[in-house]
Amino acid sequence: MKTRLHLLLLLLFSTTLITAQQPKKPTSSEIFESIKKLNFLGSVLYVAAHPDDENTRLISYMSNEVKARTAYLSLTRGDGGQNLIGTEIRELLGVMRTQELLAARRVDGGEQLFTRANDFGYSKHPDETLDIWDKDKVLSDVVLAIRQFKPDVIINRFDHRRAGQTHGHHTSSALLSMEAFDLVNNPSSYPEQLSNTELWQPKRLFYNTSWWRYGSKEEFDKVDKSNMVMLDVGVYYPLKGLSNNELASIASSQHLCQGFGRLTQRGAQEEYIEFLKGDAINNNANVFDGIDTTWNRIKGGQAIGNILLEVENSFNFINPSEHLPKLLEAYQLVSKIEDKHWKTIKTKEIKSIIEACAGLYLEVSAETNWATQNETINLNIEVLNRSQQNITLVSLNTSRDLEISKNINLEENTKFDFKEPITIPSNQKPTTPYWLAEKGTLGMYKADPEFIGKPETPRVFNVDFNVLINKIPITFTKPVVYRYSKPDKGELYKPFEIIPEASAKISEKVIILDSDKQHDIEVIVKAGRANIEGFVQIAHPKNWSVYPEKQKVTIANKGQEERLIFTVVPPKEQSEGLLTPMVHIGENIYTRELIEIDYDHIPFQTVLLPSESKIVRLDIKKQGQNIGYIEGAGDVVPESLRQIGYNVAILKPEDISAENLKRFDAIVVGIRAYNTVEELKFKQQLLFDYVAQGGNMIVQYNTSRGIKVDDIAPYDLKLSRDRVTDEFAEVRLLATNHEVLNFPNRITSKDFEGWTQERGLYFPDQWSSEFTSILSMNDKGETPKTGSLLVAKHGKGYYVYTGLSFFREFPAGVSGAYRLFANMLSLGKNDLNQPEQIKN
């Protein structure tokens, strides 16, 4: 699935994929646009709840047409969503979606901010959302983001007046933005922040409305728009060769794990923002009405503006380096600005422009992509001046305390290569997303106060290049990276990371045992450095046994793995707990797993998480052995079914034939398969025929939009947006005598204890009389939902449709989910001597 999606999107934005991990190398057109942006002193903050909520058309318009400094504040990292291109969920999905947001911002020109809020899954009301999130902490983070970013204008993606009518996270993002607008300039609000930031008051707040808010374009046409500003976000950028909405489509298409790859759009396109509070604007003027966005905005800015406007108006696209004398003059003035906020922003911008105009290439590549504490590694440093300007490399700083003198005249187009060693300090913390360094709560991540709001953990290892350009000192800082190549992909980059000297994992994240027979488990130990020696133990529940008690581990080479086999003896009764491998090296004990996330469209990610595997001694019975699994949008259901003893074969659409289907006791269709696998529309009748001839077919949830097949079931079945988001919601057994609740495992309310994130989603709300509704459930204050599990006899076999979230429950090792699914797979296989009432 991952490969297919990437191939489809490659033609659309191949450059974006290729350069996802490479340093930026601006063209003359990009330099010119940066100068225009340098001459605009205004900021816009766009606020919403999740990755992919943002309106990239508006962000791109503000950044590229208006030239405003534009940022998207996403309250969460999207941890509670689904993953269409891989198996990462929860925290790891949040890491992926964070990087997809950063990839989108690299395309549309915006910046990215976050709060500590955890996307705990769909919420139906902001009251629930804000209770789980800890409203005060998230509000504090929103206030902090505004105080630090200092936007003149805030634009909410969602309507604060729609509580209970849409996703609770969405409404909450708008409510918090509205409240924060009135708090950010109040010294009594979160005064602890004021030691590192200062009060600020945005000028105005808008809501990014649209026809979908009113149900249809016809209804929106009737709305009074006197309080709205209309923007044409389809403007064309000749310097880019793209329309704004084309650029926005490419940015939005970075959200691949959510299936957002799309065709680009061009031409005039209206976007509306509704004024909510602050200083009103006159006659639908631009959003910066009454705000001075020139250099005159700050003390001492007029002289800077005069210089830079001259550069802008006379820009030489053939030889941008001719502007270096003026740019350096402006740089010196910028460094003397009293306004710390604009000084920081504009210093960074003008330094990047000077570097680009000089054709300076500065890179620091480590000999490996990761290292450990106390390790010494070599840095390959490349310096190249591609202009005729007088540039001297004075020195390099490879650490805070070490300055290496060079005093080299950088002659035009003459490359200089240096090798310099660095030693990783003994107290250096390993690299990992900062919000995952400590365990948080269901609704909130923990974070070091200095990192709150940042999109990712700042790079620790950088090199300062101290140069003189026309005798003016200036320092450029570059992060240490790892540059390498592959024959089939060419030049590639990875971030330089610090990892522990040892990490370990159990090869199976969930281990389900259906008896008290002993079971072998594999522990994989990875060396972060060469020549590690120690031993491994397994922490386990008290009523379980593991032997041997410990095993020696000796690994000679950095990056090498050693696999050890331990034997687990479960108790006789049903039980569950956690297994954690503990690697003892000297006086240190390592209990974390090193996880790598590697996709073409985002930078390579290294994540350290507690190494835990859930182990369950399960009272479970099953009938049938061979399962055919048709993959959908990515889940671990096949692996989970193998855990309980099924033989699972992955069926590709081309493998689906009448003869091939006869091999299987049941066919399971993966989540959203009918939304993502086009070829299934040609195979659906074969599957229905398989059921009619005595087969068993289980279809997991799909969304109602984008169904690829004509008929999702052999009988009438209509999908809806019904869902039960409370994982603790009462589950009522309706068809108590039905086989699916009785054979081979008797299902009770106890089997619905310990579920995670939700009960289920996208339940059908209409179905024909052939279906039997098995369960009833609902969120607080709502009517019962009875479409979570539907079973129909079709010919000699059974067709099952379920919106229950097995794809979330299986990785969490939820016993009852396994027992119920085993019953679904066993339908029609009841012994003839069983009582008639449970044959249905």
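For the structure itself, consult the block above.
Residues numbered from 1 in each chain as written. Predicted model: local features only at pLDDT ≥ 70, side-chain atom pairs only at ≥ 80, totals over all residues. Heavy atoms only, no water.

> Even after reading the chapter, I still don't get the overall build of the protein chain, so can you show me in this structure?
A tally of helices and strands in the protein chain yields 19 helices and 42 strands. Taken over the C-alpha trace, the protein chain has a radius of gyration of 30 Å; the compact-globule value for 840 residues is 28 Å, and the two agree within 12%. Counting only residues that meet the buried cut, the protein chain has 58% of its 840 residues in that class. Across the protein chain, contacts joining residues at least 24 apart in sequence account for 74% of those joining residues at least 6 apart. Within the protein chain, the 110 negative side-chain charges are centred at a point lying 0 Å from the centre of the 98 positive side-chain charges. (Helix = DSSP H or I, 4+ residues; strand = E, 2+ residues; numbered from the N terminus. Rg over C-alpha atoms; globule rule 2.2 N^0.38 Å. Buried < 20%, exposed > 50% of the residue type's maximum accessible area, 1.4 Å probe, protein only. Contact = heavy atoms within 4.5 Å. Lys, Arg positive; Asp, Glu negative; His and termini not counted. Charge placed at Lys NZ, Arg CZ, Asp CG, Glu CD.)

> What's the story with the packing of aromatic side chains in this structure? I'm lost.
Pairs of aromatic rings are described using the distance from one ring centre to the other and the angle between the two planes. Across all of its chains, the model carries 23 aromatic pairs by this definition. Plain terms: the ring middles of Phe40 and Phe288 are 5.3 Å apart, the flat faces sit at 80° to each other, and that makes the pair edge-to-face. With Phe40 in the loop between helix 2 (28-38) and strand 1 (43-48) and Phe288 in the loop between strand 9 (270-278) and helix 11 (301-313), the pair connects residues that are 248 residues apart, well separated along the chain. The two residues Phe40 and Phe288 agree in class, both being buried. Where Tyr701 meets Phe807, the ring centres are 5.6 Å apart and the plane angle is 35°; that geometry is what we call tilted. Of the two residues, Tyr701 is situated in the loop between strand 35 (696-699) and strand 36 (717-724) and Phe807 in helix 18 (residues 806-809); the sequence distance between them amounts to 106 residues. Overall, Tyr701 belongs to the buried group, its relative accessible area being 0%. One aromatic cluster is present, formed by Phe752, Trp755, Phe806, Phe810, Tyr818 and Phe821 through successive ring pairs. Its guanidinium or amino end placed over the ring of Tyr272, Lys225 lies 5.9 Å from that ring's centre, counting from NZ or CZ. Of note, Lys793 hangs over the ring of Tyr798, and the distance from its end group to the ring centre comes to 5.1 Å. (Phe/Tyr/Trp six-rings, centres within 6.5 Å; stacked < 30°, edge-to-face > 60°. Lys NZ or Arg CZ within 6 Å of the ring centre and 35° of its normal.)

> Could you clarify how one ought to interpret the sheet that holds strand 39 (residues 771-773) in this entry?
Pairing is mixed in the open sheet, where seven strands are placed in the order 33-32-34-35-42-41-39. Each of the sheet's edge strands pairs with one partner strand only, and the pair in question is strand 33 (647-651) and strand 39. When the angles between neighbouring strand axes are averaged without regard to direction, this sheet yields 20°. Bridging between strand 34 (residues 666-669) and strand 35 involves three bridges; their strand directions are parallel. If you follow Ile667 over to strand 35, its bridge partner there is Met697. In this fold helix 19 (residues 815-825) packs onto strand 32 (626-630), strand 34, strand 35, strand 41 (789-794) and strand 42 (797-802), with an angle of close to 140° to the strand it touches most, strand 35. (Pairing = 2+ DSSP bridges. Axes fitted to C-alpha atoms, helices over the stretch in contact; angles between N-to-C directions.)

> Just checking my understanding: could you explain the environment of Asp152 for this structure?
Its place among the elements puts Asp152 in the loop between helix 6 (135-149) and strand 4 (153-156). For Asp152, a relative accessible area of 2% gives the class buried. Considering only alpha carbons, one finds Asp152 and Pro202, 50 residues apart in sequence, at a separation of 4.6 Å. The contact partners of Asp152, leaving out residues within four places of it in the chain, are Leu41, Gly42, Ser43, Trp200, Pro202, Lys203, Arg204, Phe288, Ile291 and Arg297. A polar atom in the side chain of Asp152 sits 2.5 Å from the side chain of Arg297. (Polar contact = N/O pair within 3.5 Å; in protein donor to acceptor, adjacent residues only side chain to side chain.)

> Help me understand unusual backbone geometry in this model?
Glycine aside, negative phi is the norm for most residues, and most peptide bonds take the trans geometry. Along the chain, Tyr547 connects to Pro548 via a cis peptide bond; the corresponding omega equals -5°. Cis rather than trans, the peptide bond between Phe743 and Pro744 has omega equal to -5°. Looking at where Pro744 falls in the secondary structure, it is placed in the loop between strand 37 (731-733) and strand 38 (760-767). Backbone geometry at Arg90 places phi at a positive 50°, although glycine is not the residue there. For Arg90, the location among the structural elements is in the loop between strand 2 (69-74) and helix 4 (91-108). Phi at Asn470 is positive, roughly 50°, even though this residue is not glycine.

> Can you walk me through a negative patch on the surface in this structure?
A cluster of like negative charges, contributed by Asp710, Asp711, Asp716 and Glu770, occupies part of the molecular surface. Within the secondary structure, Asp716 is located in the loop between strand 35 and strand 36. (Patch = residues over 30% accessible without salt bridge, like charges linked within 9 Å, V, L, I, M, F, W, Y side chains within 5 Å. Areas by Shrake-Rupley, 256 points an atom, 1.4 Å probe, with all protein chains shown as cover. Salt bridge = Lys/Arg side-chain N within 4 Å of Asp/Glu carboxyl O.)

> I tried to follow the pattern of salt bridges on my own but got confused; where do I start?
Pairs can form between side chains of opposite charge whenever their charged atoms are close. Applying the stated rule across the entire model yields 51 salt bridges. The residue Arg161 makes a salt bridge to Glu274 at a minimum N-O spacing of 3.1 Å. Of this pair, Arg161 sits in the loop between strand 4 and helix 7 (168-183) while Glu274 sits in strand 9, and the two are 113 residues apart along the sequence. Overall, Arg161 belongs to the partly exposed group, its relative accessible area being 41%. Linking Glu522 and Arg563 is a salt bridge whose minimum nitrogen-to-oxygen distance equals 3.1 Å. Of the two residues, Glu522 sits in strand 22 (residues 519-527) while Arg563 sits in strand 26 (residues 561-569), which places them 41 residues apart along the sequence. By relative accessible area, which is 23% here, Glu522 ends up partly exposed.

> Honestly, the packing of helix 6 against helix 7 in this entry has me stumped. Any pointers?
Two packed helices can be described by the angle between their axes and the distance between those axes. Where helix 6 meets helix 7, the axes come as close as 9 Å, and the angle between the chain directions of the two elements is 60°. By the angle between their axes, helix 6 is oblique relative to helix 7. Relative to helix 7, the crossing made by helix 6 is right-handed. Only Leu176, Ser177, Glu179, Ala180 and Leu183 of helix 7 make contact with helix 6, whose side of the interface consists of Lys135, Val138, Leu139, Val142, Val143, Ile146 and Arg147. Residues belonging to the contact of helix 6 with helix 7 are distributed by class as follows: eight nonpolar, one polar and three charged. (Parallel < 35°, antiparallel > 145°, perpendicular 65-115°, else oblique. Left-handed = near helix turned anticlockwise from the far one by under 90°. Nonpolar A, V, L, I, M, F, W, Y, C, P; charged D, E, K, R; others polar.)

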